[in-house]
Amino acid sequence: GAPMARRHLVRAAVGVAAAATSLVVAAPATATSGAGSPGLGDPYFPLAGNGGYDVRHYSLDLDYVRATNFLDASTTITARATQDLRRFNLDLRGFTVSRVTVNRLPATFTRDGQELVVTPRVPLRRGKTFVVKVEYKGEPTEVIDPDGSSEGWVPTADGAFVVNEPQGSPGWYPANDNPRDKATYDMAITVPKGITAIGNGRLLSKRDRGGKTTWRWYEDSPMAPYLATATNGVFELRVSKAGRIPLYHAVDPAEVAEGAFDRLAAEAEIIAFFSDLYGPYPFSSGGGVVDHAPEVGYALESQTKSQYDSTPSAGTVVHEISHQWFGNSVSLTVWPDIWLNEGFASFSEWIYDERHGGPTAQASFDQVYARPATSSIWTRPPTNVGGPQFMFSGTVYDRGAATLQALRVKVGDRTFFRILREWYADNRNGNVTTADFVRLAEKRSGQQLDAFFDTWLYQPAKPTTW
Ligand code: ARG
Ligand code: ZN
């Protein structure tokens, strides 16, 4: 086997304002200085993302060799300046940057933590589209999250498992790393022959040259940077269809015997089910990757290609597929609203079970509700978990899902499912907040729901009446 290169770990800085609940967004830096701000002021990750421009498209060119854990890459970003820019930032961790150009002219750049600060030769005018190309190489930086979990470019025995929620992307490509700035992506991933590389979207081509294979993928729907993937390794790849949508299923040989392909095969029916319930599947392709990386310890709904660190349970597949609607197409605006992803995906598991002869969503609710008042799902409200180290804690999933079931009972099935359909239809490819959801629920139900949502989402106590 390949010699295991030492993993390059970095402890990601946690925002100083981590505990702040304020959703105030940092003003774009001083218009007079012409500098784009280094962050977008997310309460959990203030430096994630940058101000002053809007990315339209990423073109990633990645060449990775696992034996040396070395990535030789260039990323080309097409963006539009939203203010006059004398300089601007991208998020990138580690690597040696050899060259940056803006509109094909060499630009000067400096590094400062996760910030790559670029000064173009010719300042950028507000409203103009520009192209920045960053050439970089080195060992990818695996990011350790505030909760101790690993993400980013995580080396495996034969490749890498690539997952980035919430802040792994700058560990392998320069990005405006904020879910508010969605863009389309194309990727050319070059790996040693015999290795399969899986990006987002549809497979455009696969070409062998000089002992290497280049896999080209294209995602044509706007995508938040954290949902990008380039997982690679020894995989069996099977292509099928859900209606007209191509599905790509890649399974590590170690997981084939665990029944991984059968689990993934359920995807076509799950897509049909949620398409009926919520509205048409958001993207032009789908699929999933089952790798063998159990040390990662979680799955992720990477756009069009859910990532599983090992053979998932049937419920986990349902969960990740539902995120394509809620999380990926309808995206949060700030990370403290993570329940809009996880609560909706967990409720989706409940309703899927209910409509497939399993326990009713109310029975699932009852199980959650039976937890004692001292449980952290009650003491930590979903919209204020107490910091980014708790952003994937049980309250976000279970109390988030319970909130939706409680709403269902309160407004009735007809209104409730109308709300969910409208939530998706109105916000497809967009960004939302909890306040937006409350507003929609009130509008559709004709009820005043402030007290209801306050009890379920904001109070550090077990709801008793609602
Ligand atoms: N969104 C994932 C899910 O489907 C969880 C991601 C957890 N990420 C992490 N860095 N621990 O539930
Ligand atoms: Zn989830």
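Residues numbered from 1 in each chain as written. Chains lettered and ligands numbered in written order. Predicted model: local features only at pLDDT ≥ 70, side-chain atom pairs only at ≥ 80, totals over all residues. Heavy atoms only, no water.

1. With respect to the site of ligand 1
Using the following cut-off: What makes a residue near a molecule or strand is one non-hydrogen atom of that residue sitting within 4 Å of it. Definition of a polar contact: a pair of N or O atoms within 3.5 Å, with one able to donate and the other able to accept a hydrogen when the atoms are protein atoms, and with sequence-neighbouring residues admitted only if both atoms are side-chain atoms. For accessible areas, the Shrake-Rupley method is used with a probe of radius 1.4 Å. Any residue's cover is judged against the shown protein chains and nothing else. Using protein atoms alone on a 1 Å grid, points that fit a 1.4 Å probe yet trap it form a cavity, whereas open point sets bounded by protein on both sides within 12 Å along at least five of seven lines form a pocket; residues with an atom within 4 Å of a point count as lining. Any molecule with more than half of its atoms within 2 Å of a cavity's or pocket's grid points is counted as sitting in it. In this text, helices come from DSSP runs of H or I with a minimum length of four residues, and strands from runs of E with a minimum of two, each type numbered from the N-terminal end. Gly is put with the polar residues, along with every residue not named as nonpolar or charged; the nonpolar set is Ala, Val, Leu, Ile, Met, Phe, Trp, Tyr, Cys and Pro, and the charged set is Asp, Glu, Lys and Arg.
Inspection of the region around ligand 1 gives 15 residues, with Asp145, Glu165, Glu301, Glu342 and Tyr397 positioned closest. A distance of 3.1 Å is found between a nitrogen atom of ligand 1 and a side-chain nitrogen or oxygen belonging to Glu151. Summarising the interface, the protein chains cover 93% of the accessible area of ligand 1, which totals 350 Å² for the free molecule. When each cavity is represented as a set of grid points, ligand 1 is found to reside in the largest pocket. With 3 residues, the top contributor of residues to the shell around ligand 1 is helix H4 (residues 314–325). The residue inventory of the shell around ligand 1, partitioned by class, reads 5 nonpolar, 3 polar and 7 charged.

2. Some details on the sheet that holds strand S18 (residues 236–242)
To keep things clear, this is the line we draw: Any two strands are treated as partners once DSSP identifies two or more bridges connecting them. For helices, the fitted axis covers only the stretch in contact; all axes are lines through C-alpha atoms, and the angles between them, taken along N-to-C directions, range from 0 to 180 degrees. A contact between two residues is defined here by any heavy atoms of the two lying within 4.5 Å.
Taking strand neighbours across the sheet as the criterion, the 4 strands line up as S18-S19-S20-S21 in an open arrangement whose pairing is mixed. Bordering the open sheet on either side are S18 and strand S21 (306–308), each of which pairs with just one other strand. Between one strand axis and the next, the sheet turns through 15 degrees on average, direction left out of account. In the sheet, strand S20 (residues 286–290) pairs with S21 via 3 bridges, with the strands oriented parallel. Residue Val289 lies in a different strand from S21, and its bridge partner there is Gln307. Contacting S18, strand S19 (245–251) and S20, helix H3 (residues 267–278) crosses the sheet at an angle of about 135 degrees to S19.

3. Quick word on the layout of surface pockets
Test applied: Grid points are joined across faces, edges and corners, and a volume is the space filled by probe spheres set on the points.
Within this model, the largest pocket holds a volume of roughly 310 Å³. Lining the largest pocket we find 17 residues, and of these His319, Glu320, Glu342, Ser346 and Tyr397 sit closest to its centre. Ranked by residue count, the leading element in the lining of the largest pocket is helix H5 (residues 339–354), at 4 residues.

4. Looking at the packing of H5 against helix H6 (residues 361–369)
Note the following rule: With respect to orientation, any angle under 35 degrees is reported as roughly parallel, any angle over 145 as roughly antiparallel, any angle of 65 to 115 as roughly perpendicular, and every other angle as oblique.
Interaxial distance between H5 and H6 falls to 8 Å at its minimum, and their mutual angle equals 135 degrees. On the basis of the axis angle, H5 is oblique to H6. Between H5 and H6, the contacting residues are Phe347, Trp350 and Glu354 on the first element and Ala361, Gln362, Ser364, Phe365 and Val368 on the second. Split by residue class, the contact of H5 with H6 holds 5 nonpolar, 2 polar and 1 charged.

5. Observations concerning the environment of Thr415
Along the polypeptide, Thr415 turns up in helix H9 (residues 413–427). Here the alpha-carbon distance between Thr415 and Ser445, two residues 30 residues apart in the chain, equals 6.3 Å. The residues contacting Thr415, other than those within four sequence positions of it, are Arg444 and Ser445.

6. A closer look at the pairing of strand S15 (residues 202–209)
Pairing of S15 with strand S16 (residues 212–223) involves 7 bridges; the strand directions are antiparallel. Paired with Ser205 across the bridge in S16 is Arg216. Count of turn residues in the S15/S16 antiparallel hairpin: 2 residues, of which Gly210 carries a positive phi of about 50 degrees.

7. A look at the coordination of the zinc ion (ligand 2)
Quick reminder of the rule: Coordinating donors are taken as N, O and S atoms within 2.8 Å of the metal, stretched to 3.2 Å for Na, K and Ca; because water is absent from the atoms, sites can appear incomplete. The buried label applies to any residue whose accessible area, calculated with a 1.4 Å probe on protein chains only, is under 20% of its type's maximum; exposed applies above 50%, and partly exposed to all values in between.
The coordination sphere of the zinc ion (ligand 2) contains the protein donors His319 (NE2), His323 (NE2) and Glu342 (OE), at a distance range of 1.8 to 2.0 Å. Spacing between the donor residues of the zinc ion (ligand 2) along the chain follows H-x3-H-x18-E. You can see His319 sitting in helix H4 and its partner Glu342 sitting in helix H5, a full 23 residues away along the chain. Just as His319 is buried, Glu342 falls in that class too.

8. Points about H5
Put simply, the rule is: Given a helix with a known number of residues, its expected span is that number minus one, times 1.5 Å.
Its 16 residues place the ends of H5 21 Å apart at the C-alpha level, agreeing with the 22 Å of an ideal helix rising 1.5 Å per residue. Burial runs high along H5: 13 of the 16 residues are buried.

9. Details of the pattern of salt bridges
Just so we agree on the cut-off: Throughout this description, the term salt bridge denotes a Lys or Arg side-chain nitrogen within 4 Å of a carboxyl oxygen of Asp or Glu.
Evaluated as defined, the whole model comprises 11 salt bridges. We note a salt bridge from Glu354 to Arg408, for which the minimum N-O separation is 2.8 Å. With Glu354 in helix H5 and Arg408 in helix H8 (residues 394–411), the pair connects residues that are 54 residues apart, well separated along the chain. In this structure, the salt-bridge partner of Arg444 is Glu422, at a minimum N-O distance of 2.5 Å. With Arg444 in helix H10 (residues 434–445) and Glu422 in helix H9, the pair connects residues that are 22 residues apart, well separated along the chain. Accessibility expressed as a relative area gives 27% for Arg444, which makes it partly exposed. On the basis of relative accessibility, which here comes to 14%, the residue Glu422 falls in the buried class. A network of salt bridges, in which partner residues are shared, links Glu354, Arg408 and Asp413.

10. A look at the environment of Pro381
Among the secondary structure elements, Pro381 is positioned in the loop between helix H7 (376–379) and H8. Here Pro381 falls in the buried class, since its relative accessible area comes to 5%. Along the chain, Pro381 and Thr455 lie 74 residues apart, while their C-alpha atoms are 8.9 Å from each other.

11. Some thoughts on the pairing of strand S2 (residues 53–65)
Inspection of the sheet shows S2 paired to strand S3 (residues 70–81) by 12 bridges, in the antiparallel sense. Along S3, the bridge assignment pairs Tyr58 with Ile77. Following S2, the chain reverses through 4 residues before pairing antiparallel with S3; Asn69 in that reversal takes a positive phi of roughly 50 degrees. In terms of strand pairing, S2 meets strand S13 (residues 183–192) through 7 bridges, oriented parallel. What sits directly across from Leu60, in S13, is Met187.

By themselves, these observations are geometric and do not establish any function.
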